[in-house]
Amino acid sequence: MNVTVSQHGGQKVSGGFRVDISRGQRIGRVSSEWFARPDDERYLNLPDLYDAVRSRAECAEARTVESRSIRVEATRDNAERLALIVPGRDEPVAPTHWSFGQLCTLVSAPAAYLRQQPAPLSAINLQHGLLSHRAEPVKTLEAASGRVELRAVTGPDYGRIWDHELVAAVMQIAGNGTGDTRWKVPGVLDWSSMTHNPFVDVTKDTTTLYASDRDVFLFLVDDTNPIEAGRLPDGSPDVYFRGFYCWNSEVGSKTLSIASFYLRAVCMNRNLWGVENFEQITIRHSKFAAQRFAHEAAPALTNFANSSPAPFVAGIAAARQRIVARTDEDRDSFLRKQGLSKAETAKVIEAVLGEENRKPESIFDFVQGITAVARGKAHQDARLELEGKAKRLMERAV
């Protein structure tokens, strides 16, 4: 297959292009979301996603009440459901699955067990917990949409970043997320030809735009403007794209995080292959979270979206050119100094020999070898530790 590669900011490609996914990291974060999301949590474009999360925010109200003042009862019309009487509101409030768990956590009650009990029995136990627990202020998030729901119970200093605020920040750089800007839902890797096709229809099966009653998750790539950073052993270009994913929960289920990176391909089940230069910003929902989002996270996302890949390409070139070992003794010594065990050292050298048909010499060779060994680690902690060593080694080359 003929491959067309464009530099960042150049003419868009008109077809797929070959990639080498044996290099870099494999990241399964997006794949986990893809597997877990039912159809009603999948959106085909950013405007629809924004409208959904904005509309629920518009009918929500946050208030601070005292925990002991919350009353729990089984509703008169449905003995299988609980209702809450919250100060300042006349009508009963129905807890969601998530907020019920938060209330249980507040009073150290086993949420899973109480969910299995008849509503009157759960109400008695939860009420006892609220009355016997020390009184403290809590922040409630109540939404009136048909019925009044309690969406969240958090601490009084919880710094809420609304889901629609994150989606709006993404729309500033990605438009509708389906191709009206360079940022879009990713294409798909064809395993038979090892080519990444950026032009795939956005469907419920392929979308990477998600929202539930407790969170949002978005993953977009710039995969019609590939970046060439060096050559593969066969002389073909080593091609990357830019990508990012981000998530948030306005009800306390997750922090707000934005991760940016370069990657070589995305497969059908949304695993990320050949990832390099992974960076992540995380903001906890503490008192000043909204200000931090405005001053740190949103600008960082915009800067990455508009930045030149030149520093990344230069870093790859520097790592390829920096020779640190020419003999077997040098290789062993170099890897052991990076904190690798004797067994890991042997595996790194073997991995590079298998992929490159030669033993490692440059910083880039050793980084690729370490990440290859890391991919084979069954335990996440061990994998992250090795990937961290590869990242620090790469940073030294720049």
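This is a predicted model, so every value here is computed, not measured.

Draft legend 1. View of the overall build of the protein chain. Looking only at helices and strands, the protein chain has twelve helices and 17 strands in total. With the principal axes as the frame, the protein chain shows a C-alpha extent of 75 × 45 × 40 Å. Counting across all 398 residues of the protein chain, residues that qualify as buried make up 51%. Residue pairs at least 24 apart in sequence account for 69% of intrachain contacts in the protein chain once pairs closer than 6 positions are excluded. Surface exposure of the protein chain reaches about 18000 Å², of which carbon and sulfur atoms provide 49%. Averaging the locations of the 50 positively and 50 negatively charged side chains of the protein chain gives two centres separated by 4 Å.

Draft legend 2. Expanded view of helix α7 (residues 289-306). Between its first and last C-alpha, α7 extends 24 Å over 18 residues, near the 26 Å set by a 1.5 Å rise per residue. A bend of about 25° at H295 is the largest found in α7, and the proline P299 appears one to four places after it. Its buried side turned inward, α7 meets α6 (163-174), β14 (237-248), β15 (256-263) and β17 (272-283).

Draft legend 3. Broad picture of the packing of aromatic side chains. Counted according to the given criterion, the structure contains 18 aromatic pairs. With a centroid separation of 4.9 Å and 80° between ring planes, the pair formed by W34 and F35 is classed as edge-to-face. Overall, the relative accessible area of 15% leaves W34 in the buried class. Residue F35 is classed as exposed on the basis of its relative accessible area, which comes to 58%. In this structure an aromatic cluster arises from ring pairing among Y210, F217, F219, Y245, W247, F261 and F278. Here R26 stacks its cationic end above the ring of W273, 5.9 Å away from the centre of that ring.

Draft legend 4. Region of the structure containing the confidence of the model for the protein chain. Here the protein chain shows a mean pLDDT of 88. Residues at 70 or above account for 94%. Here residues 1-12 is a poorly scored stretch, pLDDT under 50, and it has 34 contacts once near neighbours within four places are set aside; other chains count.

Draft legend 5. Local environment of helix α2 (residues 46-58). The end-to-end C-alpha distance of α2, which contains 13 residues, comes to 18 Å, matching closely the 18 Å that a straight helix rising 1.5 Å per residue would cover. Within the span of α2, buried status applies to L46, L49, Y50, V53, R56 and A57. On an axial view of α2, the arc spanned by its buried residues comes to 140°, and they lie on one face. For α2, the N-terminal capping position is held by N45, with its side-chain oxygen 2.8 Å away from the main-chain nitrogen of D48.

Draft legend 6. The arrangement of the packing of helix α9 (residues 328-337) against helix α10 (residues 342-356) in detail. Packing of α9 against α10 brings their axes to within 10 Å, and their N-to-C directions diverge by 125°. When the axis of α9 is compared with that of α10, the two are oblique. As α9 packs across α10, the resulting crossing turns out to be right-handed. Contacts between α9 and α10 involve R331, D332, L335 and R336 on the former and, on the latter, K342, T345, V348 and I349. Tallied by class, the residues present in the contact of α9 with α10 amount to three nonpolar, one polar and four charged.

The rules behind these values
Residues numbered from 1 in each chain as written. Predicted model: local features only at pLDDT ≥ 70, side-chain atom pairs only at ≥ 80, totals over all residues. Heavy atoms only, no water. Helix = DSSP H or I, 4+ residues; strand = E, 2+ residues; numbered from the N terminus. Buried < 20%, exposed > 50% of the residue type's maximum accessible area, 1.4 Å probe, protein only. Contact = heavy atoms within 4.5 Å. Areas by Shrake-Rupley, 256 points an atom, 1.4 Å probe, with all protein chains shown as cover. Lys, Arg positive; Asp, Glu negative; His and termini not counted. Charge placed at Lys NZ, Arg CZ, Asp CG, Glu CD. Expected span 1.5 Å × (residues − 1). Bend = angle between axes of the 7 residues up to and from the residue. Phe/Tyr/Trp six-rings, centres within 6.5 Å; stacked < 30°, edge-to-face > 60°. Lys NZ or Arg CZ within 6 Å of the ring centre and 35° of its normal. pLDDT = per-residue confidence, 0-100. Arc of directions from axis to C-beta. Polar contact = N/O pair within 3.5 Å; in protein donor to acceptor, adjacent residues only side chain to side chain. Axes fitted to C-alpha atoms, helices over the stretch in contact; angles between N-to-C directions. Parallel < 35°, antiparallel > 145°, perpendicular 65-115°, else oblique. Left-handed = near helix turned anticlockwise from the far one by under 90°. Nonpolar A, V, L, I, M, F, W, Y, C, P; charged D, E, K, R; others polar.

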